[in-house]
Amino acid sequence: MKNDLGLLPLGDILKQATAPGGKGVLSKLHGELQAATKPLTRVQNRLLEPCPEHDNEICFQHSVLCQTGLPYRDPGEAIRHWQRTQGNAMLVVQAGEVLQPQTGTTIEVGLPWGPKPRLILAHLNAEALRLGSPEIAVQDSLSAFVKRIRGFDGGREIRMFKDQLTRLSNAEIRLAFLQGDRLKQINTHVVTGFELWLPKDDRQRVLWPSTVRLSSEYFESLKQHAVPLNEADLGALAHTAMGLDIYAWLAQRLHRIDPRKPAFIAWSNLKEQFGPDYRQMFNFKREFRKTLVQVERRYRTDRIELDGRGMTARNSPPPVDKRFMVISNPTAKKTNA
């Protein structure tokens with residue numbers, strides 16, 4: 001019988017090592033012991049450890065973006081259009097251009113992709129709702145957010161976030177969702193106004209927004225359809241775009257399930273939402289299962305099960321307690337819901 005580390009008792013190991021053909025048993029044991037005691041990676045630590053410096057910070061995502069998502073990977077400069085439809089929600093993103101004032105010309109910027117624009121939107125949404133204003137000074141607040149969420153202070157990480165903010169700021173985004181028999185659609189740049197840092201030299205190709213202003217249409221819709229997310233959870237999942245999408249979807253979905261009747265989501269529907277770029281269902285299932293394990297290390301009150309047919313989801317508390325949900329008037333005091 002093996003012990004808690006999955007290893008045989010020492011007496012059995014010695015018998016195998018001294019038996020004919022037992023050469024290599026001890027070296028195998030050494031490898032297993034190293035694997036069992038291997039230090040956790042930075043990602044594993046983020047998933048498991050509490051984050052007291054921002055554990056009570058709340059971010060928000062628009063409900064449409066909890067059901068649909070931006071590209072996981074860089075689709076390349078040639079791809080200028082992105083569309084996703086899931087259930088009663090639709091997202092359309094058109095890549096934009098940025099003016100280069102020195103030359104009077106425009107430069108095409110690519111589509112926003114990966115974890116960073118998801119994190120940026122969650123932060124911008126939270127700042128706008130907290131301040132009760134669609135205008136956000138991102139130069140200081142975004143840097144502080146990145147430091148909290150990723151543990152970095154300046155350098156390459158900040159530049160990568162600013163690049164994704166530039167892509168997001170210049171993209172034309174359409175959000176649409178059905179409410180009963182009525183279709184509501186927003187056609188806008190989520191960010192309609194921004195101030196720019198001028199480049200320090202001619203080699204700096206992209207200009208960085210320092211102050212952004214959310215469109216009035218998006219801001220008004222956000223106040224009605226904001227889904228609260230725990231900033232510490234986003235920080236723990238900041239390495240995985242799929243993980244952020246799964247977490248936001250569960251936060252938006254689980255607490256709305258009828259307590260008397262579980263919801264069933266087939267693997268084909270899960271793949272349509274989270275893995276349309278995977279050619280083989282087998283590969284998608286493997287990645288989804290692995291990512292869901294990471295999500296559930298943060299969202300511990302979820303009640304979901306996976307089997308060969310798909311996911312069974314039951315009514316679960318949201319990851320953010322109702323008493324922490326923001327009130328759009330920043331002068332109002334938070335009260336228990």
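Residues numbered from 1 in each chain as written. Predicted model: local features only at pLDDT ≥ 70, side-chain atom pairs only at ≥ 80, totals over all residues. Heavy atoms only, no water.

### Regarding the sheet that holds strand S8 (residues 182–188)
Okay, step 1: Strand order across the open sheet formed by four strands is S2-S3-S7-S8, with antiparallel pairing between neighbours. Each edge of the open sheet is held by one strand with a lone partner, namely strand S2 (81–86) and S8. On average, each strand axis in the sheet is tilted by 10° relative to the strand beside it, whichever way the strands run.
Okay, step 2: Where S2 lies against strand S3 (residues 89–94), six bridges are found, and the strand directions are antiparallel. (Pairing = 2+ DSSP bridges. Helix = DSSP H or I, 4+ residues; strand = E, 2+ residues; numbered from the N terminus. Axes fitted to C-alpha atoms, helices over the stretch in contact; angles between N-to-C directions.)

### Quick notes on the packing of aromatic side chains
Aromatic ring pairs are described here by two measures, namely the spacing of the ring centres and the angle between the planes.
Okay, step 1: As enumerated under the stated definition, the model contains seven aromatic pairs in all.
Okay, step 2: On the numbers, 5.3 Å between centres and 65° between planes, the contact of Trp249 with Phe274 is edge-to-face. In this pair, Trp249 sits in helix H10 (residues 241–253) while Phe274 sits in helix H11 (residues 267–274), placing the two residues 25 residues apart along the sequence. Judged on exposure class, the residue Trp249 and its partner Phe274 are both buried.
Okay, step 3: Judged by centre distance (5.8 Å) and plane angle (85°), the ring pair of Trp267 and Phe288 falls under edge-to-face. Of this pair, Trp267 sits in helix H11 while Phe288 sits in helix H12 (residues 281–296), and the two are 21 residues apart along the sequence.
Okay, step 4: On the basis of relative accessibility, which here comes to 3%, the residue Trp267 falls in the buried class. (Phe/Tyr/Trp six-rings, centres within 6.5 Å; stacked < 30°, edge-to-face > 60°. Buried < 20%, exposed > 50% of the residue type's maximum accessible area, 1.4 Å probe, protein only.)

### With respect to the sheet that holds strand S13 (residues 303–306)
Neighbouring strands of a sheet are bound in pairs by backbone hydrogen bonds; such pairs are parallel or else antiparallel.
Okay, step 1: Pairing is antiparallel across the open sheet formed by three strands, whose spatial order is S12-S14-S13. Each having just a single partner strand, strand S12 (263–266) and S13 make up the two edges of the open sheet. Pairs of neighbouring strands in the sheet enclose a mean axial angle of 20°, with direction left out of account.
Okay, step 2: As defined by bridge partners, S12 adjoins strand S14 (residues 310–314) across four bridges and the pair is classed as antiparallel. Opposite Phe264, over in S14, you have Thr312 as the bridge partner.
Okay, step 3: With respect to the sheet, H11 is in contact with S12, S13 and S14, its orientation differing from that of S12 by roughly 70°. (Contact = heavy atoms within 4.5 Å.)

### Let's talk about the environment of Thr105
Okay, step 1: Relative to the elements of secondary structure, Thr105 occurs in strand S5 (residues 105–108).
Okay, step 2: Discounting residues that sit within four places of it in the chain, Thr105 has contacts with Val98, Leu99 and Gln100.

### Remarks on the confidence of the model for the protein
Okay, step 1: Per-residue confidence for the protein gives a mean pLDDT of 79, with 71% of residues at or over 70.
Okay, step 2: Per-residue pLDDT, averaged within each element of the protein, yields its smallest value for helix H3 (residues 42–48) (51) and its largest for S14 (98).
Okay, step 3: Overall, residues 1–7 carries pLDDT values under 50, and its contacts beyond four positions in sequence, including any with other chains, amount to eight contacts.
Okay, step 4: Segment residues 326–337 is flagged for pLDDT under 50; beyond a separation of four residues in sequence, or across chains, it makes 18 contacts in the model. (pLDDT = per-residue confidence, 0-100.)

### Points about the side chain of Arg167
Okay, step 1: Tracing the sequence through the fold places Arg167 in helix H7 (residues 156–170).
Okay, step 2: Relative accessible area serves as the criterion here: at 9%, Arg167 is assigned to the buried category.
Okay, step 3: At 2.9 Å, the side chain of Arg167 forms a polar contact with the backbone oxygen of Leu111.
Okay, step 4: Setting aside anything within four residues of it in sequence, one finds Arg167 in contact with Asp74, Glu77, Val109, Gly110, Leu111, Pro112 and Trp113. (Polar contact = N/O pair within 3.5 Å; in protein donor to acceptor, adjacent residues only side chain to side chain.)

### Section: the side chain of Glu127
Okay, step 1: You can see Glu127 is positioned in helix H5 (residues 115–131).
Okay, step 2: The exposure class assigned to Glu127 is buried, which follows from its relative accessible area of 14%.
Okay, step 3: If near-sequence neighbours (up to four positions away) are discounted, Glu127 is found in contact with Ile136 and Ser141.

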